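This is what each chain is made of:
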Amino acid sequence: MKEKQSVGNFLLNNAMIIFMIGAAIVVGILRPTFFSMYNFKNLISNTAVRFIIAVGVSGCLITKGTDLSAGRTVGLAACIAATFMQAADYSSKVYPNLGELPMLLVLLGVIFVSVLIGLLNGLVISLLNVPPFIATLGMQTIVYGACLVFTGAQPIGGLRKDYTNISSGSIFNIQLLPYLGIIALVIGVIMWFVYNKTPHGKYMYAIGGNENSAEVSGINTVKTKLVIYMTAGLMYGIAGFLLGAKSGGASVNMGMGYELEAIAGCTIGGVSTNGGVGRISGILIGVLVFELLKIAMQFMGVETSYTYIVQGIVIIIAVALDIRKYVAKR
Amino acid sequence: MEQNNGNRWDGKRPDPITQVKEGWYEKLLARIPLTVKSLNIIIAILFLLLIAALVIGTLKGNGIL
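Sequence order sets the numbering: in each chain, residues are counted from 1 along the sequence as written. Whichever chain is written first becomes A and whichever ligand is written first becomes 1, with later ones labelled in order. Residues qualify for local features only when their pLDDT is at least 70, as the model is predicted, and side-chain atom pairs are given and counted only at 80 or more; totals for whole chains, interfaces and linings, by contrast, use all residues.

Turning our eyes to something else, we now look at the overall build of chain A. Check the secondary structure of chain A and you find 14 helices and 0 strands. Here a strand is any run of E in DSSP of at least two residues, a helix any run of H or I of at least four, and the numbering for each starts at the N terminus. For chain A, the α and β elements follow one another from N to C terminus as α-α-α-α-α-α-α-α-α-α-α-α-α-α. Over its C-alpha trace chain A gives a radius of gyration of 20 Å, about what one expects of a compact globule, namely 20 Å for 330 residues. Dimensions along the principal axes, computed over C-alpha positions, put chain A at roughly 70 × 55 × 40 Å. Counting every position in chain A, which comprises 330 residues, the buried fraction comes to 46%. Whether two residues are in contact is decided by their C-beta atoms, placed from the backbone, lying within 7 Å. Residue pairs in contact within chain A that sit at least 24 positions apart in sequence constitute 79% of those at least 6 positions apart. Note that the radius of gyration is over C-alpha atoms, with the globule rule given as 2.2 Å times the number of residues to the power 0.38. Remark: C-beta atoms are placed from the backbone, and a residue is labelled buried if 20 or more other C-beta atoms sit within 10 Å of its own, exposed if 12 or fewer do, or partly exposed between those counts.

Turning next to the overall build of chain B. Helix and strand counts for chain B stand at 3 helices and 2 strands. Element order for chain B, N to C, with α for helix and β for strand: β-β-α-α-α. Taking all 65 residues of chain B together, the buried fraction comes to 6%.

Further remarks concern the interface of chain A and chain B. Each side of the interface is counted separately: chain A has 25 residues, and chain B has 23 residues. When residues of the side of chain A that touches chain B are traced back to their parent elements, those giving at least two are α10 (211-216) and α14 (304-329) of chain A. For the side of chain A that touches chain B, the element with the highest residue contribution is α14(A), accounting for 15 residues. In terms of residue class, the side of chain A that touches chain B is built from 16 nonpolar, 6 polar and 3 charged. The nonpolar class holds Ala, Val, Leu, Ile, Met, Phe, Trp, Tyr, Cys and Pro. Asp, Glu, Lys and Arg form the charged class, and all remaining residues, Gly among them, are polar.

Time to look at the nonpolar core. Residues and elements named next belong to chain A. For our purposes the nonpolar core covers buried Ala, Val, Leu, Ile, Met, Phe, Trp, Tyr and Cys residues that link as a set through C-beta atoms within 7 Å. In terms of nonpolar packing, the biggest core is built from 100 residues, with Ile52, Ile53, Val57, Ala77, Cys79, Ala81 and Ala239 touching the most fellow members. Broken down by element, the residue count for this core peaks at 13 residues, all from helix α11 (residues 221-247). If we ignore the near neighbours within four places in the chain, the residues touching alanine 77 are Val110, Val113, Ser114, Tyr236, Gly237, Gly240 and Phe241.

When two helices pack together, their arrangement is given by the angle between the helix axes and the distance between those axes. Residues and elements named next belong to chain A. Relative to each other, helix α12 (residues 258-268) and helix α13 (residues 280-300) sit at 120°, their axes nearing to 7 Å. By the angle between their axes, α12 is oblique relative to α13. The crossing of α12 and α13 is right-handed. Residues Glu261, Ala264, Gly265, Cys266 and Ile268 of α12 lie in contact with α13, whose contacting residues are Ile283, Gly286, Val287, Val289 and Phe290. In terms of residue class, the contact of α12 with α13 is made up of 7 nonpolar, 2 polar and 1 charged. Angular values range over 0 to 180 degrees, each being the angle between N-to-C directions of two axes fitted as lines to C-alpha atoms, with helices fitted over their stretch in contact. Every angle not falling under 35 degrees, over 145, or within 65 to 115 is termed oblique; those three ranges are roughly parallel, roughly antiparallel and roughly perpendicular. Here a crossing is taken to be left-handed if its near helix is turned anticlockwise relative to the far helix by less than a right angle, and right-handed if that turn runs clockwise.

Our focus in this paragraph is the environment of A:Val110. All names here are of chain A. Structurally, the position occupied by valine 110 is in helix α5 (residues 103-126). Classification of valine 110 by C-beta neighbours within 10 Å gives buried; the count is 26. Those residues in contact with valine 110 that sit more than four places away from it in its chain are Ala77, Ile80, Ala81, Gly237, Gly240 and Phe241.

Here we take up helix α4 (residues 70-84) of chain A. Residue pairs three or four apart in sequence face the same way in an α-helix, which turns once every 3.6 residues. What a helix should span is 1.5 Å times the count of its residues minus one. An ideal rise of 1.5 Å per residue puts 21 Å on 15 residues; α4(A) measures up with 21 Å between its terminal C-alpha atoms. The element α4(A) is extensively covered by neighbouring structure, given that 15 of its 15 residues are classed as buried.

In this section: α5(A). Residue and element names in this part refer to chain A. An ideal rise of 1.5 Å per residue puts 34 Å on 24 residues; α5 measures up with 34 Å between its terminal C-alpha atoms. All of the buried residues along α5 are Val106, Val110, Ile111, Val113, Ser114, Val115, Ile117, Gly118, Asn121, Gly122, Ile125 and Ser126. Considering only its buried residues, α5 is in contact with α4, α6 (132-151) and α11.

A few words now on the environment of A:Gly244. Residue and element names in this part refer to chain A. Within the secondary structure, glycine 244 is located in helix α11. With 43 residues separating them in the primary sequence, glycine 244 and glycine 201 have C-alpha atoms 30 Å apart. For glycine 244, the residues in contact, after removing those within four places along its chain, are Ala78, Ala81, Ala82 and Ala250.

The subject of this paragraph is unusual backbone geometry. Residues and elements named next belong to chain A. A positive phi angle, close to 65°, is found at lysine 64, a residue other than glycine. By the secondary structure assignment, lysine 64 is in the loop between α3 (37-62) and α4. Exposure remark for lysine 64: the 20 C-beta atoms within 10 Å place this residue in the buried category. One non-glycine residue, asparagine 129, lies in positive phi territory at about 60°.

All names here are of chain A. One can describe the packing of helix α2 (residues 15-30) onto α13 by two numbers: an axis separation of 9 Å at closest approach and a directional angle of 35°. By crossing handedness, the relation of α2 to α13 is classed as left-handed. Across the interface between the two elements, Ile17, Met20, Ile21, Ala23, Ala24 and Val27 from α2 touch Ile285, Val289, Leu292, Leu293, Ala296, Phe299 and Met300 from α13. In terms of residue class, the contact of α2 with α13 is built from 13 nonpolar, no polar and no charged.

All names here are of chain B. Mean pLDDT over chain B works out to 75, with 54% of the residues at or above the 70 mark. The element-level mean pLDDT for chain B is lowest in strand β1 (residues 4-5), coming to 50, with helix α3 (residues 36-61) highest at 91. Per the prediction output, this complex has pTM 0.86; the corresponding ipTM is 0.77. pLDDT measures the predictor's confidence residue by residue and takes values from 0 up to 100.

All names here are of chain A. By secondary structure assignment, the location of leucine 185 is in helix α8 (residues 179-197). The partly exposed category is assigned to leucine 185, around which 15 C-beta atoms lie within 10 Å. Expressed as a C-alpha distance, the spacing of leucine 185 and leucine 68, which sit 117 residues apart in the sequence, is 24 Å.

In structure tokens form, the structure reads like this:
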């Protein structure tokens, strides 16, 4: 009886993942090209960028926070990266007199800006005690405005080949090993180490479990939260840089709504919105199955407007399942 | 706070730290009687909505509906 119950609970707790994998299998049977190598590479590339964003958001969620500025920060990072990675001979360059800058310098610049945004988020949340939802919502609008000012609402194109190669290239020309996938994997391993093997990781889970107790135990909650939001900013910077390369250009609307996708991926993957719970491997699975569903819908020719409805329902189900887990534990 | 008497916990009523621990879910649960059973029903309805949206979207997208 107990065994039956635990199997039932396992199936219910992972219902979203099971449903999405089932849907993907059905689509694969109906549309055989779904399981092609090209599609698989596409899935890895799409998942890679969103996984990096989700890892950034996960730290905020684990401490009972959130980051609604994630998508816009990624967009701004992509716009900055694209602006400074334009080919020298491109006729509509944003800065015509600017020569070709080293890629690493541009990456560091992009990271600096996004970490600064994360730092501001962290300061407002931890020092001023503004609820993360409100603080990051405000930051979302500020970053969007800054992006409009920076780009003049003009799309940026004509990117350098060495930059776009990051997204199109793969190790030893093996389709299954695209650079984007490898970069995401390395970041995943580093963040797994940070979450599980460092004091910062332990503090993060402690704050998510019970902030007051954590503070009483001597944990510097302000500093830990600052580091969490700055790390999130770092992730958005890297993701934005890669997204620019992947898209072959950038515009102000880039990254719009990515924060919700990231939160969805995290929640599907077992990161609790109630804080204190979440694993990197779960986030990877969550983001992967969410992307799988999106690609499956494209293959089935689901009307675009309905894809948004489906994604919205998926997010609500994921949160409902999370609440169910919490209620069942009581 | 009511539990504190001159910054000392009287040991009878719930300790303030434990109370704060519960967070917004507790406040929500106090207002809406959420049980595993009622959540199962809500989740089942949401899954049905999801399937309906997928089916209608596919039919519309392929010009059948």
